[in-house]
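# Breakdown of the fold
Spelled out, the chains give:
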Amino acid sequence: MPFDLSLYLVTDAALCDAYGLEKTVEAAVRGGVTIVQLRDKHASDEQMIAQAKRLKTVLAGTGVPLIINDRLQVALESQADGLHVGQSDAAVEEARRVLGEQAIIGLSINTLAQLQAAPMALLDYVGIGPVFATVSKQDHAQPIGFGGLALLVKACPLPSVAIGGLKADHAISVQRAGANGLAVISAICGQADPFQAARAFQTAVAS
Ligand SMILES: Cc1ncc(COP(=O)(O)OP(=O)(O)O)c(N)n1
Ligand SMILES: Cc1nc(C(=O)O)sc1CCOP(=O)(O)O
Ligand SMILES: [Mg+2]
């Protein structure tokens, strides 16, 4: 499936309480989100598979892919479009073997050493961050700022998306650093109007 990293929504069900996850994602996609990752650290695999299937229904016909965070079996059983793994998650080699050639597989990167150790031929994109400290990921690594982002993007042969504490106003700096897009949780999920929040990002990305 072709994919566009320009506005990458990573979900947090707790932050989407006001409207529920499906309505929040539907509004965010109308607002311009181009790719969605289902991320839930508390749900069981069964709950996450059921949630992924509901999100697939929401995304059907939009061309927006659904990526699963961390859980290879959930990605497989829900027939999601792909999987995002971090440095301590399922190995990329295993994910590619299980999910096949067509799956979109992304890996988190925080340092040059991690980038150089990544099996690039098996990956579709990398997530680079955190750019800034964030409360959305308690165990996040050392923030790298836009300078660190630019260094890692320059060394990266794959499409990349910046993550961590990003707001719509940061779109220009992310683009100047060379990344293909921004990934956000709280600046869309945690907002009173997720459609307008996504629209603000889309406007900033397009300008
Ligand atoms: C697009 C994107 N980039 C980075 C991450 C972080 O993944 P990871 O390091 O595995 O941390 P958790 O999200 O699992 O807490 C991501 N999820 N998405
Ligand atoms: C899920 C995640 N991964 C990160 C990384 O650096 O790998 S930062 C992060 C949280 C991003 O949430 P927010 O947009 O609310 O700051
Ligand atoms: Mg992870």
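Residues numbered from 1 in each chain as written. Chains lettered and ligands numbered in written order. Predicted model: local features only at pLDDT ≥ 70, side-chain atom pairs only at ≥ 80, totals over all residues.

The name an unreviewed UniProt entry gives the chain is Thiamine-phosphate synthase, with Vreelandella neptunia as the organism. Among the UniProt annotations of the chain, the heading Function (unreviewed entry) holds the following wording: "Condenses 4-methyl-5-(beta-hydroxyethyl)thiazole monophosphate (THZ-P) and 2-methyl-4-amino-5-hydroxymethyl pyrimidine pyrophosphate (HMP-PP) to form thiamine monophosphate (TMP)." (UniProt positions renumbered as here; feature names shortened; annotations may be inferred.)

A tally of regular secondary structure across the chain gives 9 helices and 8 strands. When burial is assessed residue by residue, the chain has 49% of its 207 residues classed as buried. Sequence-distant contacts, at least 24 apart, represent 59% of the contacts inside the chain between residues at least 6 apart. (Helix = DSSP H or I, 4+ residues; strand = E, 2+ residues; numbered from the N terminus. Buried ≥ 20, exposed ≤ 12 C-beta atoms within 10 Å, placed from the backbone. Contact = placed C-beta atoms within 7 Å.)

Take unusual backbone geometry next. The peptide bond linking G129 to P130 adopts the cis configuration, its omega dihedral lying at 0°. Note that P130 resides in the loop between β6 (125–128) and α6 (145–154). If you check the backbone angles, D70 has positive phi at about 75° while not being a glycine. Here D70 lies in the loop between β3 (66–69) and α3 (72–78). On the basis of neighbour counts, which here come to 19 C-beta atoms within 10 Å, the residue D70 falls in the partly exposed class. Non-glycine residue Q79 carries a positive phi angle of around 55°. Among the structural elements, Q79 can be located in the loop between α3 and β4 (82–85). The exposure class of Q79 is exposed, given the 12 C-beta atoms found within 10 Å.

Around ligand 1, 18 residues are found, and the nearest of them are G86, S108, G127, I163 and A183. Looking at side-chain class alone, the shell around ligand 1 contains 6 nonpolar, 8 polar and 4 charged residues. (Near = placed C-beta within 6 Å. Nonpolar A, V, L, I, M, F, W, Y, C, P; charged D, E, K, R; others polar.)

A few words on the UniProt feature "binding site: Mg(2+)" (unreviewed entry) in the chain. Mapped onto the present numbering, the UniProt feature "binding site: Mg(2+)" (unreviewed entry) falls on D70 and D89. These residues run over 20 residues, yet every pair of their C-alpha atoms falls within 6.0 Å of each other. Leaving out residues up to four positions away in the same chain, D70 has contacts with V85 and D89. Locating D89 in the fold gives a position in the loop between β4 and α4 (92–99).

In this section: the site of ligand 2. Taken together, 17 residues sit near ligand 2, with G129, P130, T134, S136 and S186 positioned nearest. Taken together, the residues of the shell around ligand 2 sort by class into 7 nonpolar, 9 polar and 1 charged.

By the burial criterion, the buried members of α6 are L149, L152 and V153. Each buried residue of α6 sits inside an arc of 100° when the element is viewed along its axis, so together they form one side. Looking at α6, the residues exposed on the side facing more than 90 degrees away from the buried face are G147 and K154. Against the buried residues of α6 lie β5 (104–109), α5 (112–117), β6, β7 (160–163) and α7 (171–177). (Arc of directions from axis to C-beta.)

Around the barrel, which closes on itself, the 8 strands sit in the order β1-β2-β3-β4-β5-β6-β7-β8 with parallel pairing between neighbours. The mean inter-strand angle of the sheet, taken between neighbouring strand axes irrespective of direction, is 25°. Direction of pairing for strand β2 (residues 35–38) relative to β3: parallel, over a ladder of 3 bridges. Paired with V36 across the strands is L66, a residue of β3. Along the sheet, α4 contacts β4 and β5; its crossing angle with β5, the most-contacted strand, is approximately 170°. (Pairing = 2+ DSSP bridges. Axes fitted to C-alpha atoms, helices over the stretch in contact; angles between N-to-C directions.)

To continue, consider the UniProt feature "domain: Thiamine phosphate synthase/TenI" (unreviewed entry) in the chain. Feature annotation in UniProt places "domain: Thiamine phosphate synthase/TenI" (unreviewed entry) on residues 7–188, given in this structure's numbering. Split by type, residues 7–188 is 37% helix and 19% strand. Its first and last C-alpha atoms lie 11 Å apart.

Here strand β1 (residues 7–10) shows two buried faces, one formed by L7 and L9 and the other by Y8 and V10. In this structure, β1 lies alongside strand β8 (residues 181–184), joined through 3 bridges in parallel fashion. By the bridge assignment for β8, L9 is matched with V184. What joins β1 to β2 is helix α1 (residues 21–31), and the crossover it makes is right-handed. (Right-handed = clockwise from strand over helix to strand, strands pointing away.)

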